[in-house]
Amino acid sequence: MQLTKGFEQAACIIALLATQNRQIPISSQVIHDRVNGSQSYLQKLLRKLVIAGLITSTSGNNGGFSLAKDPKNITLLEIVEATEGEIKTYPDLGFIDLVFRDFRPLSQEATHVINEAFHQADLRWGQYLQTKTVYQIIVDTFGSTKIPLIDWNDPQNEAKIVLPEIQKLRVQK
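Residues numbered from 1 in each chain as written. Predicted model: local features only at pLDDT ≥ 70, side-chain atom pairs only at ≥ 80, totals over all residues. Heavy atoms only, no water.

Could you clarify how one ought to interpret the nonpolar core in this entry?
As a rule of thumb, soluble globular proteins bury nonpolar side chains together. Ranked by size, the top nonpolar core spans 35 residues in total, and within it Ile13, Ile14, Leu49, Leu54, Ile55 and Ile79 carry the most contacts. For this core, the secondary structure elements donating two or more residues are helix H1 (5–18), helix H2 (28–35), helix H3 (39–51), strand S2 (64–67), helix H4 (76–84) and helix H7 (134–142). A total of seven residues in this core trace back to one element, the largest contributor, which is H1. Residue contacts for leucine 54: discarding those within four places in its chain leaves Ile14, Leu49, Leu67, Ala68, Lys69, Ile74, Glu78, Ile79 and Ala82. (Core = buried A, V, L, I, M, F, W, Y, C linked by side-chain atoms within 4.5 Å. Buried < 20%, exposed > 50% of the residue type's maximum accessible area, 1.4 Å probe, protein only. Helix = DSSP H or I, 4+ residues; strand = E, 2+ residues; numbered from the N terminus. Contact = heavy atoms within 4.5 Å.)

See the structure below:
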């Protein structure tokens, strides 16, 4: 199984929002410019994240998107399920019953056994992703428990200004 680009884009959006002051939403235009995806696709993706309760949307001149909850409480599993749906790696298209149709009920038992094996694997993968939070990913990336807040709406916030601040945090660790 391979996650779609929507997951990676959603994870980036969540990371942007996790490093943004929650009192200042990030405009959809800034998100579009940073993610560089199709406007209509990003709107659908943002909508999925809103429906999943991971982000909020505020309309108006100063509107945009913000995290709906603390990054410590957003797991990778939630982002996967918001973008990809329920984890189900084995589609069970009925080929076992078709190929071994003259060996029923054995083919049906094989279908059941394989479905259960993949169901257990999906559960274990999901349980692991549930232990990984956005906060932990950011802390591991920055090497500091202090998450620097950046106003992504401000075009003056360039990497050459922000990166030295992040480096300072790593040294203080």
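Is there a simple way to think about the pattern of salt bridges in this case?
When charged atoms on two side chains of opposite charge get close, those side chains can pair. As enumerated under the stated definition, the model contains one salt bridge in all. Between lysine 69 and glutamate 78 there is a salt bridge, and its shortest N-O distance comes to 2.7 Å. (Salt bridge = Lys/Arg side-chain N within 4 Å of Asp/Glu carboxyl O.)

Looking at this model, I keep getting lost on the pairing of S2. Mind explaining?
In the case of a regular strand, side chains alternate between the two sheet surfaces. As paired elements, strand S1 (residues 55–58) and S2 share four bridges and run antiparallel to each other. Counted as the bridge partner of isoleucine 55 is leucine 67 from S2. Connecting the antiparallel pair S1 and S2 is a turn made up of five residues, with glycine 60 showing a positive phi of about 115 degrees. (Pairing = 2+ DSSP bridges.)

Help me out: how do you make sense of H2 in this one?
Turn by turn, an α-helix covers 3.6 residues, leaving residues three or four places apart pointing in a common direction. Where H2 is concerned, the buried positions are Val30, Ile31, His32 and Val35. The inward-facing, buried residues of H2 abut H1, H3 and S2.

How do you make sense of the side chain of aspartate 97 when you look at a structure like this?
Turning to its location among the elements, aspartate 97 is positioned in helix H5 (residues 95–99). Buried charged residue aspartate 97 carries no salt bridge. Nearest counter-charge: arginine 104, at 4.5 Å. Residue contacts for aspartate 97: discarding those within four places in its chain leaves Arg104, Ser107, Gln108 and Thr111. (Lys, Arg positive; Asp, Glu negative; His and termini not counted.)

Got a minute to help me understand the packing of H4 against helix H6 (residues 106–130) in this structure?
A pair of packed helices is captured by two measures, namely the crossing angle of their axes and the spacing between those axes. Contact geometry of H4 with H6 gives a least axis separation of 6 Å together with a crossing angle of 120 degrees. Considered as vectors, H4 and H6 are oriented oblique to each other. Between H4, through Leu76, Leu77 and Val80, and H6, the contact on the second element is made entirely by Trp125, Gly126, Leu129 and Gln130. Looking at the contact of H4 with H6 residue by residue, the class counts come to five nonpolar, two polar and no charged. (Axes fitted to C-alpha atoms, helices over the stretch in contact; angles between N-to-C directions. Parallel < 35°, antiparallel > 145°, perpendicular 65-115°, else oblique. Nonpolar A, V, L, I, M, F, W, Y, C, P; charged D, E, K, R; others polar.)

In this structure, what is going on with the confidence of the model for the protein? I would like to understand it.
The pLDDT averaged across the protein works out to 89; a share of 91% of its residues lies at or above 70. Confidence scores differ between elements of the protein, with helix H8 (residues 159–172) showing the lowest mean pLDDT of 62 and H4 the highest of 96. (pLDDT = per-residue confidence, 0-100.)

Any chance you could explain the side chain of serine 66 here in plain terms?
Mapped onto the elements of the fold, serine 66 is located in strand S2. Given the relative accessible area of 9%, serine 66 is considered buried. Not counting chain neighbours up to four residues away, the residues in contact with serine 66 comprise Leu17, Arg22, Pro25, Ile55 and Thr56.

What am I meant to see in the environment of alanine 117 here?
Within the secondary structure, alanine 117 is located in helix H6. Classification of alanine 117 as partly exposed rests on a relative accessible area of 48%. Separated by 27 residues in sequence, alanine 117 and tyrosine 90 place their C-alpha atoms 9.4 Å apart.

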